[in-house]
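Structural description and commentary
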Amino acid sequence: MKITSFNPLIVTKDAENVIKLFESLGFERRHNLEANTGNVDFTSVRMKDANGFYVDVANVPVPQDLTLIRMNVDDFDEAFKFLTERGFTKAGGENTVDTKTNKSAMMKSPSGFAFDLCQHIKD
């Protein structure tokens, strides 16, 4: 398994205000992803600043904002197995997001921190 990117992901029900905050810090929108977990429709915006730092902001109807670590990998299944063998579980029992360009799942560690495990699928 190879990690291809690693950055913060903010999950919020108020994405536009979070995005505006990061725009005022010099981040620009790079691309959007619209998807469904099987339970929830959501939109995620990837942002980048002039120094090459990334932050993702996902608009999801959550009771409280969450900050996760987005970990993009080259092989989702291998990474999923790696994490589950170390006690990670899918947070909240959510389904895996599986679109034409993305496969992802929120994975929670036994101690409570979480990854958004993601594989970007290229044609």
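Here is what the cut-offs are and how they apply
- Position labels on residues start from 1 in each chain and follow its written sequence.
- Under the rules for a predicted model, residues below a pLDDT of 70 receive no local features and side-chain atom pairs below 80 are neither given nor counted, while totals for whole chains, interfaces and linings still include all residues.
- Only hydrogens and water are set aside when side-chain values are computed; all heavy atoms of the structure are taken into account.
- For Phe, Tyr and Trp, rings pair up if their centres lie within 6.5 Å, where Trp contributes its six-membered ring, and each pair is then called stacked (planes under 30 degrees apart), edge-to-face (over 60) or tilted (otherwise).
- Here a helix means four or more residues in a row that DSSP labels H or I, a strand means two or more in a row labelled E, and each is numbered from the N terminus.
- Whether a residue is buried, partly exposed or exposed follows from its accessible area with a 1.4 Å probe, protein chains only, as a fraction of its type maximum: under 20%, in between, or over 50%, in that order.
- Throughout this description, the term charge over a ring refers to an Arg CZ or Lys NZ atom that lies within 6 Å of the ring centre and within 35 degrees of the ring normal.
- To be clear, the arc concerns the directions from the helix axis to the C-beta atoms.
- Whether two residues touch is decided by their heavy atoms; if any such pair falls within 4.5 Å, the residues are in contact.
- Polar contact criterion, stated in full: a pair of N or O atoms within 3.5 Å, where within protein one must be able to donate a hydrogen and the other to accept it, and residues adjacent in sequence count only if both atoms are side-chain atoms.
- At least two bridges found by DSSP between two strands are what make those strands a pair.

Let us look at the packing of aromatic side chains. This model, assessed by the stated rule, comprises 6 aromatic pairs. Aromatic side chains Phe-76 and Phe-80 sit 5.9 Å apart centroid to centroid with 20 degrees between the ring planes, which places their arrangement in the stacked category. Within this pair, Phe-76 and its partner Phe-80 are both found in helix α2 (residues 76-84), separated by 4 residues, close to a single helical turn. Judged by its relative accessible area of 3%, Phe-76 falls in the buried class. Taking 5.7 Å as the distance between ring centres and 25 degrees as the angle between the ring planes, the aromatic pair formed by Phe-88 and Phe-115 counts as stacked. Taken together, the positions of Phe-88 in the loop between α2 and β6 (89-90) and Phe-115 in strand β9 (residues 114-120) put the pair 27 residues apart, joining distant regions of the chain. For the pair formed by Phe-88 and Phe-115, the shared burial category is buried. Members of the aromatic cluster, connected to one another through ring pairs, are Phe-6, Phe-88, Phe-113 and Phe-115. Above the ring of Tyr-54, the side-chain terminus of Arg-46 is found at 4.0 Å from the ring centroid. One residue, Arg-86, lies across the ring of Phe-82, its end atom 3.6 Å from the ring centre.

One full turn of an α-helix is made of 3.6 residues, so residues set three or four places apart face in the same direction. Taken together, the buried positions of α2 are Phe-76, Ala-79 and Leu-83. Projection of α2 onto a plane perpendicular to its axis shows the buried side chains occupying an angular sector of 70 degrees, all on one side. Residues of α2 that are buried in the fold lie against β5 (66-73), β8 (102-108) and β9. A distance of 3.2 Å separates the backbone nitrogen of Asp-77 from a side-chain oxygen at the start of α2, and that oxygen is part of Asp-75.

The pairing of strand β1 (residues 3-12) with β5 spans 8 bridges and is antiparallel. Of the residues in β5, the one forming a bridge with Ile-3 is Val-73. Relative to β9, β5 runs parallel, the two being bridged by 4 bridges. Each residue of the ladder has a partner; that of Arg-70, found in β9, is Asp-116.

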